[in-house]
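A closer look at the structure
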Amino acid sequence: MKILITGGAGFIGSHLISLFVSKYQQHQIFNLDALTYAGNLENLKDVEGELNYSFILGDIIDQGFINALFKKHQFDAVIHLAAESHVDRSIKDPLAFARTNILGTLNLLNAAREFWNDDLKDKLFYHVSTDEVYGTLGETGLFTETTAYDPNSPYSASKASSDHFVRAYGETYGLPYVISNCSNNYGPNQFPEKLIPLFINNIINNKPLPVYGDGNYTRDWLYVIDHARAIDLVFHKGKTKDTYNIGGFNEWKNIDLVTLLCQQMDEKLARPKGSSEKLITYVKDRPGHDLRYAIDASKIKKELGWEPSVTFEEGLSKTIDWYLENTEWLEHVTSGAYQEYYKKQYL
Ligand code: NAD
Ligand code: DAU
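Predicted model, so just to flag it, every value in this text is computed and none were measured. (Residues numbered from 1 in each chain as written. Chains lettered and ligands numbered in written order. Predicted model: local features only at pLDDT ≥ 70, side-chain atom pairs only at ≥ 80, totals over all residues. Heavy atoms only, no water.)

**Some details on helix 4 (residues 94-116)**
With 23 residues, helix 4 extends 32 Å from end C-alpha to end C-alpha; this agrees with the ideal 33 Å at 1.5 Å per step. A bend of about 25° at leucine 103 is the largest found in helix 4. (Helix = DSSP H or I, 4+ residues; strand = E, 2+ residues; numbered from the N terminus. Expected span 1.5 Å × (residues − 1). Bend = angle between axes of the 7 residues up to and from the residue.)

This is the structure:
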């Protein structure tokens with residue numbers, strides 16, 4: 001099989017590429033990535049010399065380029081992760097999210113439709129999406145696969161739109177697809193604009209920890225390698241034209257999570273107890289901030305036998321260790337443009 005994975009130089013994509021390249025030596029894995037600020041080939045050092053792996057630099061916004069790529073390589077399947085992925089950036093520049101997340105997805109769908117048209121058998125377009133398309137929950141309840149879409153941020157609206165297009169191409173043109181909607185991921189290789197790596201980096205550097213609003217927002221956290229394992233299962237065993245929710249069965253209020261993170265950081269850095277917590281600073285809230293996300297992942301558990309493999313405490317500890325051992329990675333990604341972003345967002 002020739003499998004095109006988009007966004008493979010990013011956070012989740014890099015873990016998926018590592019898994020697929022090592023596990024499926026009989027398959028050829030192509031990683032298409034534009035290497036935006038979030039894409040980093042350092043995330044793929046373990047696979048770069050492997051015979052069943054190729055990197056392709058390119059932008060999914062370019063339909064001509066995407067068509068030429070499908071023609072040249074005759075892909076059998078696509079696993080689509082490339083996206084603009086940070087909610088705060090979507091609030092500042094919604095158009096960039098519409099371009100990559102909606103138009104980029106449409107370009108891939110068009111190419112798949114055109115090049116697979118004669119023989120759709122054994123082809124698959126796997127669209128990797130988010131639980132944010134469902135909007136926000138109150139204090140109770142869980143998102144299921146049938147929860148109505150109700151996105152609140154430009155990011156989630158663009159992902160919801162792309163999900164709808166994928167489904168529409170399935171219904172209208174018979175394109176075989178599968179979609180998964182996952183909760184908040186954390187782990188190695190995550191760009192330090194997202195809560196956990198941002199706060200780890202700030203604690204290392206004794207900088208304030210900017211908690212939005214009152215910190216009483218809830219997210220459902222999943223270790224990134226468990227997400228990659230879930231994608232592998234859905235790709236190979238999921239029903240076509242179906243949707244799977246993926247979550248950690250692991251809800252945390254932001255402030256409780258940050259407190260746990262601070263405690264683990266103090267221990268690992270051998271700093272006096274309470275030093276990191278002193279850095280917590282409550283700042284202006286994110287506009288349209290969703291109160292609570294929580295996934296009902298019972299379908300994937302029941303149908304495909306998937307479950308998270310690590311507890312949150314273990315996963316968080318492994319994640320912190322990775323950032324402490326990879327200070328060079330952190331220094332590379334936080335130089336240059338990151339400083340400008342940080343100033344605009346927080347200072
Ligand atoms: P990320 O921002 O770390 O990586 C995105 C990757 O896409 C980067 O390598 C970037 O260079 C690439 N990319 C961006 N625009 C591109 C374009 N126009 N053409 C080609 N490549 C482009 O994102 P992530 O956190 O790894 O998320 C991956 C996918 O999973 C996204 O679709 C996201 O919506 C979804 N998702 C993320 C989470 C999460 O918690 N991070 C949870 C659920 C779903
Ligand atoms: O739920 C899945 C989604 O999770 C993915 O689709 C997104 O790509 C991913 O970015 C993530 O979205 P969130 O907005 O939930 O993640 P983020 O890490 O930005 O924020 C997590 C929570 O922490 C959220 O309630 C906002 C809060 N926060 C975040 C930052 C960056 C802060 O309080 N301070 C901050 O500086």
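**Side note on the sheet that holds strand 1 (residues 2-6)**
Spatially, the 7 strands line up as an open sheet ordered 3-2-1-4-5-6-10, and their pairing is parallel. Either end of the sheet is taken by a strand with one partner, and the two such strands are strand 3 (53-57) and strand 10 (242-246). For this sheet, the mean angle separating the axes of adjacent strands, direction not counted, is 20°. Alignment of strand 1 against strand 2 (residues 28-33), held across 5 bridges, turns out to be parallel. Bridge pairing in strand 2 places lysine 2 opposite glutamine 28. Across the sheet, helix 5 (residues 154-173) is in contact with strand 5 (124-130), strand 6 (177-182) and strand 10; its angle to strand 5 comes to roughly 155°. (Pairing = 2+ DSSP bridges. Axes fitted to C-alpha atoms, helices over the stretch in contact; angles between N-to-C directions. Contact = heavy atoms within 4.5 Å.)

**Quick look at the side chain of arginine 292**
Inspection of the secondary structure puts arginine 292 in the loop between strand 12 (280-283) and helix 9 (298-304). Arginine 292 gets classed as buried once you look at its relative accessible area, which sits at 6%. A distance of 3.0 Å separates a polar side-chain atom of arginine 292 from the backbone oxygen of glycine 138. Among the polar contacts listed, one links the side chain of arginine 292 to the backbone oxygen of glycine 141, at a separation of 2.9 Å. Those residues in contact with arginine 292 that lie beyond four places of it in its chain are Thr136, Leu137, Gly138, Glu139, Thr140, Gly141, Leu142, Phe143, Thr218, Arg219 and Glu251. (Buried < 20%, exposed > 50% of the residue type's maximum accessible area, 1.4 Å probe, protein only. Polar contact = N/O pair within 3.5 Å; in protein donor to acceptor, adjacent residues only side chain to side chain.)

**Points about the site of ligand 2**
Residues in contact with ligand 2 amount to 26 residues; listed here are only the nearest, Thr130, Asp131, Tyr155, Arg286 and Tyr346. In this structure, asparagine 184 approaches ligand 2 through a side-chain N or O atom, which is 2.8 Å from an oxygen atom. For ligand 2, whose unbound accessible area comes to 690 Å², protein coverage reaches 95%. For the shell around ligand 2, the secondary structure elements donating two or more residues are helix 3 (87-92), helix 6 (195-204) and strand 8 (209-212). Residues belonging to the shell around ligand 2 are distributed by class as follows: 12 nonpolar, 7 polar and 7 charged. (Near = heavy atom within 4 Å. Areas by Shrake-Rupley, 256 points an atom, 1.4 Å probe, with all protein chains shown as cover. Nonpolar A, V, L, I, M, F, W, Y, C, P; charged D, E, K, R; others polar.)

**Digging into the environment of threonine 240**
Here threonine 240 is to be found in the loop between helix 7 (224-237) and strand 10. The contact partners of threonine 240, leaving out residues within four places of it in the chain, are Leu124, Pro176 and Tyr177.

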